[in-house]
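Coordinates in review
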Amino acid sequence: MNLSYPEILALANSGLKAAGINSKAAYETAQFLALAELDGLASHGLARVPQYAAHAKNGRIELDPKLRVRPFKTAAALVDARDGLAFPALRFATDLSVNLASKNGLGLVAVTNSHHFGVAGHYVEAAARAGYVSLLFGNTPAAMPMVGGSKAIFGTNPLAAAFPTPGGDPLVIDMSLSAVARGKLLVAAKNGQAIPEGWALTADGKPTTDPQEGLKGLMLPLGGDKGALLALIVELLVVGLSGSRFSYEADSFFDPKGNRPRIGQLILTIDPGLAGASIFASRIQDFLQVLSADAGTRLPGQRRFQQRATGLSDGVTVSDVVVEEIQTGIRQSWTE
């Protein structure tokens, strides 16, 4: 069915509130989920509402957490999400990192005791639209093996970077370090669809096109060993600086029951004026001119922004199965 942005936002918000999540956290989370739908990223949109609701009902998240902030020296801080949904904490952390960068040139903010944080690119995009370079790293429950291994040790561990451009949309690079985001398996499973071979392995290490088996098994790293090593870098950065759990210590997001994941995120925001107020913009402009001369080149983030604009004007086609699941959950307060 086709839904407008306000309808998607209202549905997500109602679904989260029906699970007992406090109004502020529910609404801020719903904003990010609705934005993901606009951007064509259904794996991080409405499909996550039943998942978060199940976590709320099974005690995997705190329903009404109070963020704690611990400043560190001049340009860094630690935000404790207190086991709540990640979106309010990471939104706060992004704003804080921009504030620190405006005063000190750099702003480094780690988030600990956190949860699934959605589309990594949304946070760095916000910082870039404020005129800053921004990078974000996060770990997730274990889904990929170390090089040469066969046991899930670290997560798909997404990373994102955004760069402001003169008078236009920022460049936004956003990727999971698995071959595809694990959420795509969730969407395929809900819609009864097969997945391409090469996305995931079964629990006993065999290639599979069954998303349910893939969710129980292993994700294949992006680019083979190099993707696995990049995921390791993210893991060590995030956990080492935030004090969060390692990926292998967090139960899967795709299980309704389990521990509170208490994973982490790390955002670094940079004032681009280091070499001079206009140097960064000038160099970026030169680069964009070279790219524009190469026919067929697509700038990172460009497709998302185009889909977002279309979605705002024409609405978004969303899964009937997911909408019905959320509506049923609201009617029954997720009790069945």
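Here the structure is shown first, and the text comes after it.
My aim in this report is to walk through the structure given alongside it, one point at a time. (Residues numbered from 1 in each chain as written. Predicted model: local features only at pLDDT ≥ 70, side-chain atom pairs only at ≥ 80, totals over all residues. Heavy atoms only, no water.)

**Overview of the nonpolar core**
The biggest cluster of nonpolar side chains holds 77 residues, and the ones touching the most others in it are L16, I21, L46, V49, L136 and L185. Setting aside residues no more than four positions away along its own chain, L16 makes contact with I21, A26, T29, A30, L33, V49 and Y52. (Core = buried A, V, L, I, M, F, W, Y, C linked by side-chain atoms within 4.5 Å. Buried < 20%, exposed > 50% of the residue type's maximum accessible area, 1.4 Å probe, protein only. Contact = heavy atoms within 4.5 Å.)

**So, the packing of aromatic side chains**
Enumeration according to the criterion identifies 5 aromatic pairs in this entry. Taking 5.5 Å as the distance between ring centres and 10° as the angle between the ring planes, the aromatic pair formed by F246 and Y248 counts as stacked. The exposure class of F246 is partly exposed, given its relative accessible area of 27%. By way of ring pairs, the aromatic residues F32, Y52, F87, F117 and Y123 are connected into one cluster. Between R129 and the ring centre of F305, over which it is positioned, the NZ or CZ distance is 5.0 Å. (Phe/Tyr/Trp six-rings, centres within 6.5 Å; stacked < 30°, edge-to-face > 60°. Lys NZ or Arg CZ within 6 Å of the ring centre and 35° of its normal.)

**Some details on helix α1 (residues 5–18)**
Its 14 residues place the ends of α1 20 Å apart at the C-alpha level, agreeing with the 20 Å of an ideal helix rising 1.5 Å per residue. For α1, every residue scored as buried is listed here: I8, L9, L11, A12, N13, G15 and L16. Against the buried residues of α1 lie β1 (2–3), α2 (23–38), α3 (48–57), β13 (316–317) and α11 (320–332). G20 sits one or two residues past α1 and shows a positive phi near 95°. (Helix = DSSP H or I, 4+ residues; strand = E, 2+ residues; numbered from the N terminus. Expected span 1.5 Å × (residues − 1).)

**Quick look at the layout of surface pockets**
The volume enclosed by the largest pocket comes to roughly 1000 Å³. Counting only elements with at least two residues in the lining of the largest pocket, the list comes to β9 (168–175), α6 (183–190) and α10 (302–314). A per-class count over the lining of the largest pocket returns 19 nonpolar, 14 polar and 8 charged. Approximately 540 Å³ is the volume attributed to the second largest pocket. What lines the second largest pocket is a set of 29 residues, among which Q51, A54, F254, D255 and P256 lie closest to the centre. Counting only elements with at least two residues in the lining of the second largest pocket, the list comes to α3, α6, α7 (211–216) and α11. With 6 residues, the top contributor of residues to the lining of the second largest pocket is α3. Here the residues of the lining of the second largest pocket are counted per class, giving 12 nonpolar, 10 polar and 7 charged. (1 Å grid on protein atoms, 1.4 Å probe; cavity = no way out; pocket = protein on both sides within 12 Å on 5 of 7 lines; lining within 4 Å. Points joined across faces, edges and corners; volume = space filled by probe spheres on them. Nonpolar A, V, L, I, M, F, W, Y, C, P; charged D, E, K, R; others polar.)

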